[in-house]
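Observations on the three-dimensional arrangement
Residues per chain, in single letters:
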Amino acid sequence: MRLYSKSVSIEGRALSYLRQMAGAEGRVPGEPPIVSMGSTAPPFVEDPQSLLDHIVSDGAQVTRPSIDPYREPVETSIYLFDGDVRLSMPMGISSLNDLPMELVETVVRTCYRMGVIADLSGLGAEPSSVAGREDYVISGADGVGSTAARNVQVIITGRDDVDPALVRRVVSSGRRPVARVPATDEVELYTALASSGFKAIVIDEDLEADREVELEVAVSLCDKALRSSGTGTKALRYTVNLIATSRRLRGSGDVFKLLGLGAEVVLLKDCWRLGIDLQRESNPRVVAERLEHLLLGMQKELKLLAGAAGASSLHSTVCGNRELFRAVELDDRMLNVLGVKAAGSW
């Protein structure tokens, strides 16, 4: 059962910050907007729009001092697929299926330059720019098909759809099987996917499911289930990567919280398109420039958030580390599901 709607409007302050970082507004592209220490953000003043608004970062204290990323390094790199692929930051770009092929080609090339994943889900034809960038692309087709991407997407909506034979065919072709599933509380699905050999699980909140839950809940349930399952001394969680995506994600703050709940990569959908003002700007050169600036700005915001929490590395310190977060105005049942303590507790 969902507590909030899937549709969250990205407008006002949130939209302005994205556009300032992208260079569609303001004068300092690629930099986080300067704001005051005071805040009217949810859930304290403004109404919360999602569960993420109830989760806050537990600021670093004396025994875990904060880090100033302008003076000390904060590592944002993420390693996927047993360390074969290194991303410069835990983000990727999705929602390309309705763009002209010229812009899709531009986005794929820009993602590769910036060291992030390009998700081609829903694309009928594959852009030629995938060639030479195969490790940084998730295929648009469902199944092996004819794709140059090394990461082959398989859409799975339930436990009965898991086909180990298909996984073996993908692996035997020298590529990596990636499962795309809806946000559901069916933990048996997640363990079955990891056990059958999938290299990554993409939890897509925009897919329909019988037992739908919020993306935050699905990511947390998946992470916890895989950490408690496995053979011998190795948990299943260490054999598969967890990727989260939804149209309602608004920026770096949402990405940071999803990392804490267990995701390793977050695919951006609507927010990057709004940030670069894609409705008004279709020049490939300008789109590439704005996307680069937006990703750089969001990467710097992630460094600031990690530093405030006393974390010097996103991959080794933030991913799945719920101790860095606290929850406000959530009942005990939801706190237990998310695995996050109530604000004020040790």
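Here we summarise the structure given alongside this text. Quantities reported herein were computed from a predicted structural model and do not represent experimental measurements. (Residues numbered from 1 in each chain as written. Predicted model: local features only at pLDDT ≥ 70, side-chain atom pairs only at ≥ 80, totals over all residues. Heavy atoms only, no water.)

**Topic: the overall build of the chain**
The criterion, for reference: Counting from the N terminus, the helices are the DSSP runs of H or I reaching at least four residues and the strands are the DSSP runs of E reaching at least two. Based on C-alpha atoms, the radius of gyration is set beside the globule rule, defined as 2.2 Å times the residue count to the power 0.38. For each residue, the accessible area found with a 1.4 Å probe, counting protein chains only, is set against the maximum for its type, and the residue is called buried under 20%, exposed over 50%, and partly exposed in between. The contact criterion used throughout is that any non-hydrogen atoms of two residues lie within 4.5 Å. To be clear on the numbers: accessible area is Shrake-Rupley with a 1.4 Å probe, and residue cover counts the displayed protein chains and nothing else.
Looking only at helices and strands, one finds 10 helices and 15 strands in the chain. Against the compact-globule benchmark of 20 Å for 346 residues, the chain has a radius of gyration of 19 Å, which places it among compact chains. When each of the 346 residues of the chain is scored for burial, the buried share is 55%. For the chain, contacts bridging at least 24 residues in sequence account for 65% of all contacts bridging at least 6. Accessible surface for the chain amounts to roughly 15000 Å². Of this, 49% is attributable to carbon and sulfur atoms.

**Topic: the packing of helix α4 (residues 187–195) against helix α5 (residues 215–227)**
Rules: Between the N-to-C directions of two axes lies an angle of 0 to 180 degrees, each axis being a line fitted to C-alpha atoms and, for a helix, fitted only over the stretch in contact. An angle counts as roughly parallel when it lies under 35 degrees, as roughly antiparallel when it exceeds 145, as roughly perpendicular when it falls between 65 and 115, and as oblique in every other case. Left-handed describes a crossing in which the near helix is turned anticlockwise from the far one by less than a right angle; the clockwise case is right-handed. Each residue is assigned to one of three groups, with Ala, Val, Leu, Ile, Met, Phe, Trp, Tyr, Cys and Pro labelled nonpolar, Asp, Glu, Lys and Arg labelled charged, and all others, Gly among them, labelled polar.
The N-to-C vectors of α4 and α5 enclose an angle of 55°; their axes lie 9 Å apart at closest approach. The angle between α4 and α5 places the two elements in the oblique class. Between α4 and α5 lies a crossing whose hand is right-handed. Residues Val187, Tyr190, Thr191 and Ala194 of α4 pack against Ala218, Leu221, Cys222, Ala225 and Leu226 of α5. Tallied by class, the residues present in the contact of α4 with α5 amount to eight nonpolar, one polar and no charged.

**Some details on the sheet that holds strand β15 (residues 341–342)**
So the rule is basically this: A pair of strands is considered paired only if DSSP assigns at least 2 bridges between the two.
On the basis of which strands lie adjacent, the open sheet formed by three strands has the order β1-β14-β15 and mixed pairing. Two strands in the sheet have a free side with no partner beyond their single neighbour: β1 (55–57) and β15. Here strand β14 (residues 325–327) pairs with β15 via two bridges, running parallel. Across the sheet, the residue bridging to Ala327 is Ala342, located in β15.

**Points about the pairing of strand β13 (residues 265–268)**
Definition in use: Note on handedness: a clockwise path from strand one over the helix to strand two, with the strands aimed away from the viewer, defines a right-handed crossover.
Burial along β13 is two-sided: Val265 and Leu267 and Val266 and Leu268, pointing in opposite directions, are all buried. Of the strand pairs in this sheet, strand β4 (residues 91–93) and β13 are connected by three bridges, and their pairing is parallel. Within β13, the position partnered with Ile93 by the bridge is Leu268. Direction of pairing for strand β12 (residues 241–246) relative to β13: parallel, over a ladder of four bridges. Along β13, the bridge assignment pairs Thr245 with Leu267. With helix α6 (residues 252–261) bridging β12 and the parallel β13, this β-α-β connection has right-handed handedness.

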